[in-house]
Amino acid sequence: MHQPGATALAERIAERRRGGDDPRALVGEMRRSVLLVPVADGGLWSVRAGGVRWICGFTDETALARFALRHGPGDRAMDYAALLGARIVDEIVPSLGEPAGLAVDIATEDGSMFFPPVVGIVPDTVAVDARPAGTRPADGRSTAEGPGHER
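Residue numbering note: each chain is counted from 1, following its sequence as written. Owing to the predicted nature of the model, reporting of local features is limited to residues with pLDDT of at least 70; listing and counting of side-chain atom pairs is limited to 80 or more, with chain, interface and lining totals taken over all residues. Where side-chain values are given, they derive from all heavy atoms of the structure, hydrogens and water being excluded.

Student: What is the right way to look at the sheet that holds strand S4 (residues 52-57) in this model?
Tutor: Backbone hydrogen bonds are what pair the strands of a sheet, in a parallel or an antiparallel way. The sheet built from four strands is open, its strands ordered S3-S4-S6-S7 with mixed pairing. In this open sheet, the two edge strands, each paired with only one partner strand, are strand S3 (46-49) and strand S7 (113-115). Mean inter-strand twist for the sheet, computed between neighbouring axes without regard to direction, equals 30 degrees. Here the rule is simple: two strands pair whenever DSSP picks up at least two bridges between them. Only runs of H or I of at least four residues qualify as helices and only runs of E of at least two qualify as strands under DSSP, and these elements are numbered from the N terminus. Judged from the five bridges that link them, S4 and strand S6 (residues 100-104) form a sheet pairing that is parallel. Its bridge partner lying in S6, Ile55 is registered against Leu102. Angles run from 0 to 180 degrees between N-to-C directions of axes, and those axes are lines fitted to C-alpha atoms, restricted for helices to the stretch in contact.

Have a look at this one:
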């Protein structure tokens with residue numbers, strides 16, 4: 001099953017890992033891509049590392065199969081959900097109640113990419129680097145949101 005945008009995301013990841021490409025373009029591509037997320041025990045497959053819960057997503061069935069060979073249920077096919085990257089980081093991550101991000105193609109040597117729980121990737125309300133509303137960064141600008149306030 002070919003996933004629209006998956007190849008483009010894998011290509012952007014490869015370009016970023018070589019030191020090129022704009023990180024914002026990579027995040028945009030992730031948000032537009034449909035990712036395959038393994039399902040286990042009624043939930044999405046995730047791992048905890050470095051104090052973060054990482055939802056594991058894959059750009060295509062080949063990348064998912066590499067993962068399944070190491071972590072799958074043995075002789076059974078691995079169930080998965082096809083989810084838009086934006087849905088993962090905008091809806092699922094905030095619902096987890098802990099720092100969480102997205103790990104893409106983690107079983108692909110030199111092809112994985114992590115999207116951590118930081119401003120610009122996940123909603124500010126769950127980003128670990130977000131400042132509380134009304135506080136001021138070192139340059140003195142207000143970070144309060146609302147009418148008449150710049151962000």
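Student: Would you take a moment to explain the packing of aromatic side chains for this structure?
Tutor: Geometry of an aromatic ring pair is reported as the spacing of the ring centres plus the angle between the planes. Working definition: a ring pair exists when centres of Phe, Tyr or Trp rings (six-membered ring for Trp) sit within 6.5 Å. Plane angles under 30 degrees give stacked, over 60 give edge-to-face, the rest tilted. Under the criterion given, the structure shown has three aromatic pairs. With a centroid separation of 5.2 Å and an interplanar angle of 85 degrees, the aromatic rings of Trp45 and Phe67 are classed as edge-to-face. Taken together, the residues span a long stretch of sequence, with Trp45 in the loop between strand S2 (43-44) and S3 and Phe67 in helix H3 (residues 61-71) at a distance of 22 residues. Note on exposure labels: buried denotes an accessible area under 20% of the residue type's maximum, exposed denotes more than 50%, and partly exposed covers the range between, all computed with a 1.4 Å probe on protein chains only. A relative accessible area of 2% places Phe67 in the buried class. Here the aromatic rings of Trp54 and Phe114 are separated by 5.1 Å at their centres, their planes lie at 85 degrees, and the arrangement is edge-to-face.

By themselves, these are just geometric observations and shouldn't be taken as functional.
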